[in-house]
Amino acid sequence: MYSIIRFLLFLFNPETAHHIAMKSLRVADFFGLLSLIPSSSNGRSRIVFGIEFKNPVGLAAGLDKNAEYIDCLARLGFGFIEVGTLTPRPQPGNPKPRSFRLTKERGIINRFGFNNIGIDKAILNIQRSKYKGVLGINIGKNFDTPIEAAINDYITCFRKAYDYATYIVINISSPNTKNLRRLQEEDFFEDLIRAIKLEQSALVKKYNKYVPFLVKISPDGEVNELDNIVRLLLKYNIDGVIATNTTLARDGIPQSDFRNEVGGLSGQPLRLRALKTQKYLYKGLKGKVPIIGVGGIMNASDGEERINEGAELIQIYSGLIFKGYRLIHELCERTKQ
Ligand SMILES: Cc1cc2nc3c(=O)[nH]c(=O)nc-3n(C[C@H](O)[C@H](O)[C@H](O)COP(=O)(O)O)c2cc1C
């Protein structure tokens, strides 16, 4: 069934296909068709950073940037859903075209640049949704906020997201916002996580609940940058880390017409690089900071490998585009033990 849907969707450019797919999902939900999808609650539930997940397979950030489709996406069987990246103010993102499908290589190159309706409107969408499961809110900075003032953007979003998120993700690894990845550098990184930790302590008192925060990192960091990240995650007792975002590298796509397009590459060509980053982190963190593994999980074995290599949970984006919701069920089944 999904191969027919995919064939039709792939006739359009990726951004148009995305809009058609999401609107169709909503219509299918309205007519009750999504309830025909067998539940994947047969996945193994687990508790990670104090949160109970009904299964370990989540939706990665970027697919539902504005938190508009949470209810329908939840019906596909995810154990958790992450929305965003959201910024303090709305912004249009980069000019189109900004997304490229590498069909043969099963990858995507995107340079969206955090197009989103802004955190306030997205929170209204979250308030309107009926979803009661685990919801991650992924936050970033506006493109025109100088890097020296980035902390303010994160703190603004963190405060606004706090009461609506089950966990919050500090995205400092998108390659499509100028200088954003500089926040992974030692000094910026320490200032940022220290400030957010302080804010978290204040908000725990205000709302009388603890909302964990995670840091999402890039697969392109040098060893010394990763070593610093590991050291600081441990020093500040950070709740978790997501490995990884998209890559600027072009490994494994020598033939693609799109290889020279600027942007972050995801899907199959990212798999080894994301896995390597995750393994390196796991070695340093020694299980003290839980990892969500993401990047190039395109089949059940890829997901199983990430769990075996230290991830407590996994997320998918490109795999969902290329394989459909069946992948969620296959991953739940394979990661049951
Ligand atoms: C079109 C597209 C948009 C994305 N937007 C975001 C985003 O806004 N924030 C974010 O943290 N990651 C974003 N990502 C990265 C994904 O969340 C994920 O980390 C990455 O794609 C690797 O997973 P995959 O190989 O399963 O796609 C985006 C990815 C794609 C393909």
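Structure: see above.
What you see is a predicted model, and the numbers here were worked out from it, not measured in a lab.

**Overview of the environment of Asp120**
- Position of Asp120 among the secondary structure elements: in helix 4 (residues 119-128).
- Its relative accessible area of 42% is what places Asp120 among the partly exposed residues.
- Sequence spacing of Asp120 and Leu214 is 94 residues, and the spatial spacing of their C-alpha atoms is 21 Å.
- A distance of 3.0 Å separates the side chain of Asp120 from the side chain of Lys160, its partner in a polar contact.

**Some points on the site of the ligand**
- In the vicinity of the ligand, 23 residues are found, and the nearest of them are Ala61, Thr85, Lys216, Gly296 and Ser318.
- One of the side-chain nitrogen or oxygen atoms of Thr85 is found 2.7 Å away from a nitrogen atom of the ligand.
- Between the ligand and the protein, one listed contact pairs an oxygen atom with a side-chain N or O atom of Asn138 at 3.0 Å.
- Bound to the protein, the ligand loses 97% of the 600 Å² it would expose on its own.
- Mapped onto the shell around the ligand, the elements with two or more residues apiece are strand 4 (80-86) and strand 11 (264-267).
- Residue composition of the shell around the ligand, grouped by class: seven nonpolar, 14 polar and two charged.

**Quick word on helix 8 (residues 271-285)**
- Taking 1.5 Å of rise per residue, 15 residues should cover 21 Å, and helix 8 covers 21 Å from first to last C-alpha, within 8% of that figure.
- Burial in helix 8 covers these residues: Arg271, Ala274, Leu275, Thr277, Gln278, Leu281 and Leu285. One face of helix 8 carries all of its buried residues, which in axial projection span an arc of 160°. Facing away from the buried surface of helix 8 by more than 90 degrees, the exposed residues are Leu272, Lys276 and Lys283.
- Backbone geometry just after helix 8 places Lys286 at a positive phi near 50°.

**Focus on the packing of helix 8 against helix 9 (residues 300-308)**
- As a packed pair, helix 8 and helix 9 sit with axes 10 Å apart at the nearest point and diverge in direction by 15°. Taken together, the axes of helix 8 and helix 9 are roughly parallel relative to one another. Of the two possible hands of crossing, helix 8 and helix 9 adopt the one that is right-handed. Seen from helix 8, the contacting residues are Arg271, Ala274, Leu275 and Gln278; seen from helix 9, they are Asp302, Glu305 and Arg306.
- Considering only residue class, the contact of helix 8 with helix 9 consists of two nonpolar, one polar and four charged.

**Topic: the side chain of Asn142**
- Locating Asn142 in the fold gives a position in the loop between strand 7 (134-139) and helix 5 (150-162).
- Excluding residues that lie within four positions of it along the chain, Asn142 makes contacts with Thr87, Pro88, Arg89, Pro90, Gln91 and Asp153.

**Observations regarding a nonpolar patch on the surface**
- Together, Ile4, Phe7, Leu8, Leu11, Phe12 and Ile20 line one region of the surface with nonpolar side chains, adding up to about 610 Å² of accessible area.
- Counting residues per element, the nonpolar patch draws most heavily on helix 1 (residues 2-9), which supplies three residues.
- You can see Phe12 is positioned in the loop between helix 1 and helix 2 (14-30).
- With relative accessibility at 39%, the residue Phe12 sits in the partly exposed group.

**Notes on the sheet that holds strand 8 (residues 167-171)**
- Here eight strands make up a closed barrel; going around it, the order is 3-4-7-8-9-10-12-13 and the pairing parallel. Adjacent strand axes in the sheet meet at a mean angle of 25°, parallel and antiparallel pairs treated alike.
- Sheet topology places strand 3 (residues 57-59) next to strand 4; two bridges connect them, and they run parallel. Each residue of the ladder has a partner; that of Leu59, found in strand 4, is Ile81.
- The strands touched by helix 5 are strand 4, strand 7, strand 8 and strand 9 (213-217); relative to strand 8, the strand with the most contacts, the crossing angle is about 165°.
- Helix 6 (residues 186-207) rests against strand 8 and strand 9 of the sheet, and its axis sits at about 160° to strand 9.

**What to know about the pattern of salt bridges**
- Tallying each qualifying case throughout the model produces 21 salt bridges.
- Across the pair Asp302 and Arg271 runs a salt bridge, and its minimum N-O distance is 3.9 Å. Of this pair, Asp302 sits in helix 9 while Arg271 sits in helix 8; the two residues are 31 residues apart in sequence, bridging distant segments of the chain. In terms of burial, Asp302 and Arg271 fall into one category: buried.

**Section: the environment of Leu313**
- Inspection of the secondary structure puts Leu313 in strand 13 (residues 311-316).
- In this structure the C-alpha to C-alpha distance between Leu313 and Arg46, which are 267 residues apart in sequence, comes to 9.0 Å.
- Beyond its immediate chain neighbours, meaning those up to four positions away, Leu313 contacts Arg46, Val48, Phe49, Phe53, Pro56, Phe80, Ile291, Ile292, Gly293 and Ile307.

**Describing helix 9**
- Listing the buried residues of helix 9 in full gives Ala300, Asp302, Gly303, Arg306 and Ile307. End-on view of helix 9: buried residues confined to an arc of 165°, all on one side of the axis.
- Each element contacted by the buried residues of helix 9 is listed here: strand 1 (46-48), strand 10 (240-243), helix 8, strand 12 (291-294), strand 13 and helix 11 (326-334).
- One side-chain oxygen at the N-terminal end of helix 9 lies 3.1 Å from the backbone nitrogen of Ser301; it belongs to Asn299.
- Immediately beyond the C-terminal end of helix 9, within one or two residues, lies Gly310, with a positive phi of roughly 110°.

Each value, and the rule that gives it
Residues numbered from 1 in each chain as written. Predicted model: local features only at pLDDT ≥ 70, side-chain atom pairs only at ≥ 80, totals over all residues. Heavy atoms only, no water. Helix = DSSP H or I, 4+ residues; strand = E, 2+ residues; numbered from the N terminus. Buried < 20%, exposed > 50% of the residue type's maximum accessible area, 1.4 Å probe, protein only. Polar contact = N/O pair within 3.5 Å; in protein donor to acceptor, adjacent residues only side chain to side chain. Near = heavy atom within 4 Å. Areas by Shrake-Rupley, 256 points an atom, 1.4 Å probe, with all protein chains shown as cover. Nonpolar A, V, L, I, M, F, W, Y, C, P; charged D, E, K, R; others polar. Expected span 1.5 Å × (residues − 1). Arc of directions from axis to C-beta. Axes fitted to C-alpha atoms, helices over the stretch in contact; angles between N-to-C directions. Parallel < 35°, antiparallel > 145°, perpendicular 65-115°, else oblique. Left-handed = near helix turned anticlockwise from the far one by under 90°. Contact = heavy atoms within 4.5 Å. Patch = residues over 30% accessible without salt bridge, like charges linked within 9 Å, V, L, I, M, F, W, Y side chains within 5 Å. Salt bridge = Lys/Arg side-chain N within 4 Å of Asp/Glu carboxyl O. Pairing = 2+ DSSP bridges.

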